[in-house]
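Examining the three-dimensional arrangement
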Amino acid sequence: MGEDIIAFSTLRGEGIDAESPYDGFSICDYTGDDGKKVSLCRQSLCDYLGIPPQNLIIPRQTHSDTVAVIDNVPQGNITGVDSLITRLTDIALVINTADCVPVLLADTTTGLISAIHAGWRGIVSEIIPKTVTKAKELGAKHFKAVIGPAICSECFETSDEIAEKFRTKFGNCVITTNEITGKKHVDLVQSAKIQLLYTGIKEENITISGKCTRCNYTELFSARKSGVNSGRVATVIMRKNKS
């Protein structure tokens, strides 16, 4: 995404019990994990990034379509926010997921970066286009995007009602039906990519992880596998200060 950009998603780590819902590296503090462990993981992440803990910006996500612009280090918790934008350096934006789609953006014109949590609700409510629109209002023009690890369409079985919401927005290209169960499946990653393309981001500037959290639950946390009371994958983006 650029020489001055750090962008990645965390893994659970080695030597873990994959059947244990919280075992592994997780910095999410609102899903029931041990607070002391979460604090140690956060400190480890800060040490890796070379920033103080207050520069780690982690919203309390609620599957909203709310976008927050970070102009200074927040003094308290950020709640009800599922997308972050900043042009500050040495500020790490973090999204926690365990099957939902994490999307990172970086603009080569303004130095602006963004982290988006896009579950099925967020995609339907267009949090990705809304984030790009806000970034454009701030002067962004030339985006690069990364779609991190998320549940694949084969693993994302859903209701007819939810599938119909996606059919209405994207057509049949993101919907499949399991021939054995008759259940509908939705491709959340493809839906996110389509929305990025709709905003004008060129396909060659979109990178997709391709890793399914559910298929790879030994490496990545998956709520479909372990339940919502489990750890989370942290997807991080930070622009380093060159000086």
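Below is a short write-up of the structure. (Residues numbered from 1 in each chain as written. Predicted model: local features only at pLDDT ≥ 70, side-chain atom pairs only at ≥ 80, totals over all residues. Heavy atoms only, no water.)

1. Some thoughts on the packing of aromatic side chains
A complete count under the given rule lists two aromatic pairs for this structure. Geometrically, the ring pair formed by F8 and Y48 is edge-to-face, given 5.7 Å between the ring centres and 90 degrees between the ring planes. You can see F8 sitting in strand 1 (residues 5-9) and its partner Y48 sitting in helix 1 (residues 35-49), a full 40 residues away along the chain. Under the relative-accessibility criterion, F8 is labelled partly exposed at 21%. For Y48, a relative accessible area of 60% puts it in the exposed group. A ring pair is formed by F166 and F170, whose centres lie 5.9 Å apart and whose planes are at 25 degrees; its orientation type is stacked. In this pair, F166 and F170 both sit in helix 4 (residues 160-170), four residues apart, roughly one turn of the helix. Taking the relative accessible area as the measure of exposure, F166 reaches 0% and is therefore buried. Given the relative accessible area of 10%, F170 is considered buried. (Phe/Tyr/Trp six-rings, centres within 6.5 Å; stacked < 30°, edge-to-face > 60°. Helix = DSSP H or I, 4+ residues; strand = E, 2+ residues; numbered from the N terminus. Buried < 20%, exposed > 50% of the residue type's maximum accessible area, 1.4 Å probe, protein only.)

2. Some points on the sheet that holds strand 9 (residues 157-158)
An order of 9-11-10 is seen for the three strands of this open sheet, with the pairing classed as antiparallel. Taken across any chain shown, the strands that pair with only one partner, and hence form the sheet edges, are strand 9 and strand 10 (175-177). Here strand 9 runs beside strand 11 (residues 184-186); their pairing, made up of two bridges, is antiparallel. When the sheet's bridge partners are listed, E157 is paired in strand 11 with H185. (Pairing = 2+ DSSP bridges.)

3. Details of helix 3 (residues 127-137)
Within helix 3 the residues assigned to the buried category are I127, I128, P129, T131, V132 and A135. Following helix 3 by one or two positions, G139 adopts a phi angle in the positive range, close to 105 degrees.

4. Regarding the pairing of strand 4 (residues 83-86)
Neither face of strand 4 is left uncovered, since the one carrying S83 and I85 and the one carrying L84 and T86 both have all their residues buried. Sheet topology places strand 4 next to strand 7 (residues 113-118); four bridges connect them, and they run antiparallel. Following the sheet pairing, I85 is matched in strand 7 by S114.

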